[in-house]
Amino acid sequence: MALDWTFDAYGGFDGGLYSPWDLDDLVARKVLEAEGMARYRAPLIAEGGGLQCDGQGTLITTEQCLLNQNRNAHLGKAEVERQLGDFLGVDTIIWLPRGFAFDETDGHVDDIYCFVRPGVVALSWTDDREDTRSCARRGNPAFGPRCARPRLEVHRLPHPLPIETTAEESESIDRSDQTWARPVGNRVAASYVNYYPGNSVVVVPEFGSDLDVKAKQKLAELFPDHKIIGIENSREILLGGGNVACITLPVYAPQTRPEAA
């Protein structure tokens, strides 16, 4: 059984990135039909990038995204939590108030936190208090070692240098439909935390700076049995929205329970 979230292009007609999105909302169904898998259509509006699960009942998300008025605010927090528990089997939900500033997805958590393994998370971090792109680091419990409960072991990954849309990149956007504009100088949500963890590799975005090396070194420490693969010039992915984690989807092996004694 696979879960098919309702999709509205990151906000529908209230801040969404483009329209129409009806065909996008059909993608999960078509993939599952091709794979011959059973499907459950969830009424909750959600995206994979807005949810981080550890596979053992704990989920991290942001109120800015999941409880946004352009998604599920009408349901109320308690009902959203109930549905997340029913759909994902989670019993612990860690709510962060918001994500990065200027994030066009309304605060996806996969730019801030990513589970390394149960109880251990990677956090995008900068000590530059003038960098407003690091979001509202001040006053946001997403940016501190005591942020999450239950207790999590938090490891900091360097936050990339500010990246802005160039004139050439802005002009290349296809505006033939109702696509959200990306003006010159627009800050984009770059993050090394937006990586893909596979069985034997970790695929991480690179942005052409010395911080690429530091980020990969830290990930090598966190994933000692994995090969760390950097994607050069992942800016091309970033300009389309999101990054490595956003264009991939891990398929986890089913949990096996030990036989009763």
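Just so it is clear, the structure is predicted and the values come from calculations on it, not from any experiment.

Colleague: Can you walk me through the overall build of the chain in this structure?
Modeller: Broken down by element type, the chain carries six helices and 11 strands. When contacts within the chain are restricted to residue pairs at least 6 apart in sequence, those whose partners lie at least 24 apart make up 70%. Within the structure as shown, the chain displays about 14000 Å² of accessible surface, and the carbon and sulfur contribution to it stands at 51%.

Colleague: Hey, could you run me through helix α5 (residues 211-222) in this one?
Modeller: Because an α-helix packs 3.6 residues into every turn, residues spaced three or four apart end up facing the same way. The first and last C-alpha atoms of α5 sit 17 Å apart over 12 residues, in line with the 16 Å expected at 1.5 Å per residue. Of all the positions in α5, only Leu-211, Asp-212, Ala-215, Leu-219 and Leu-222 are classed as buried. Summarising the axial view, the buried residues of α5 lie within an arc of 105 degrees, below the 170-degree limit, and thus occupy one face. Residues of α5 that are exposed and point over 90 degrees away from its buried face: Lys-214 and Glu-221. Looking at the buried side of α5, the elements it contacts are β6 (113-117), β7 (120-125), β8 (153-158), β10 (201-205) and β11 (227-231).

Colleague: When you look at the side chain of Gln-52 in this model, what are you seeing that I'm missing?
Modeller: Positionally, Gln-52 belongs in strand β3 (residues 52-53). The buried category is assigned to Gln-52, whose relative accessible area is 13%. At 3.1 Å, the side chain of Gln-52 forms a polar contact with the backbone nitrogen of Phe-115. Setting aside residues no more than four positions away along its own chain, Gln-52 makes contact with Thr-58, Leu-59, Ile-60, Val-109, Asp-110, Tyr-113, Cys-114 and Phe-115.

Colleague: Whenever I open this one, helix α3 (residues 77-88) confuses me. Can you help?
Modeller: Look at α3: 16 Å from first C-alpha to last across 12 residues, which is about the 16 Å you get at 1.5 Å a residue. All of the buried residues along α3 are Val-80, Gln-83, Leu-84 and Phe-87. Within α3, the buried residues cover an arc of 105 degrees as seen down the axis, which keeps them to one side. Turned more than 90 degrees off the buried face of α3, the exposed positions are Ala-78 and Asp-86. Buried residues belonging to α3 abut β1 (2-6), β2 (39-45), β4 (58-62), α2 (63-66) and β5 (92-96). Phi for Gly-89, located one or two positions after α3, is positive at around 70 degrees.

Colleague: Can you walk me through the sheet that holds β10 in this structure?
Modeller: Within a sheet, neighbouring strands are paired by backbone hydrogen bonds and run either parallel or antiparallel to one another. Spatially, β9-β10-β11 is the arrangement adopted by the three strands of the open sheet, whose pairing is mixed. If you trace the sheet from one side to the other, it starts and ends with β9 (196-197) and β11, each paired once. Pairing of β10 with β11, which is carried by five bridges, proceeds in the parallel orientation. Counted as the bridge partner of Val-203 is Ile-229 from β11. Against the sheet, α5 contacts β10 and β11, and its axis sits at roughly 155 degrees relative to β11.

Colleague: How should the sheet that holds β6 be read in this particular structure?
Modeller: Taken in spatial order, the three strands make up an open sheet running β6-β7-β8, and their pairing is mixed. Looking along the sheet, the strands with just one partner apiece sit at the ends: β6 and β8. Within the sheet, the average angular offset between the axes of one strand and its neighbour, ignoring direction, is 35 degrees. Bridging between β7 and β8 involves six bridges; their strand directions are parallel.

Colleague: For this particular structure, what's the right way to read unusual backbone geometry?
Modeller: Outside of glycine, negative phi angles account for most residues, and trans bonds account for most peptide bonds. Here the bond from Ser-19 into Pro-20 is cis, since omega is 0 degrees, no more than 30 degrees from zero. A positive phi is found at Ala-9, a non-glycine position, where the angle reads about 60 degrees. Mapped onto the fold, Ala-9 is located in the loop between β1 and α1 (27-35). In this structure, Tyr-10 takes a positive phi of about 65 degrees despite not being glycine. Inspection of the secondary structure puts Tyr-10 in the loop between β1 and α1.

Quick notes on the rules
Residues numbered from 1 in each chain as written. Predicted model: local features only at pLDDT ≥ 70, side-chain atom pairs only at ≥ 80, totals over all residues. Heavy atoms only, no water. Helix = DSSP H or I, 4+ residues; strand = E, 2+ residues; numbered from the N terminus. Contact = heavy atoms within 4.5 Å. Areas by Shrake-Rupley, 256 points an atom, 1.4 Å probe, with all protein chains shown as cover. Expected span 1.5 Å × (residues − 1). Buried < 20%, exposed > 50% of the residue type's maximum accessible area, 1.4 Å probe, protein only. Arc of directions from axis to C-beta. Polar contact = N/O pair within 3.5 Å; in protein donor to acceptor, adjacent residues only side chain to side chain. Pairing = 2+ DSSP bridges. Axes fitted to C-alpha atoms, helices over the stretch in contact; angles between N-to-C directions.

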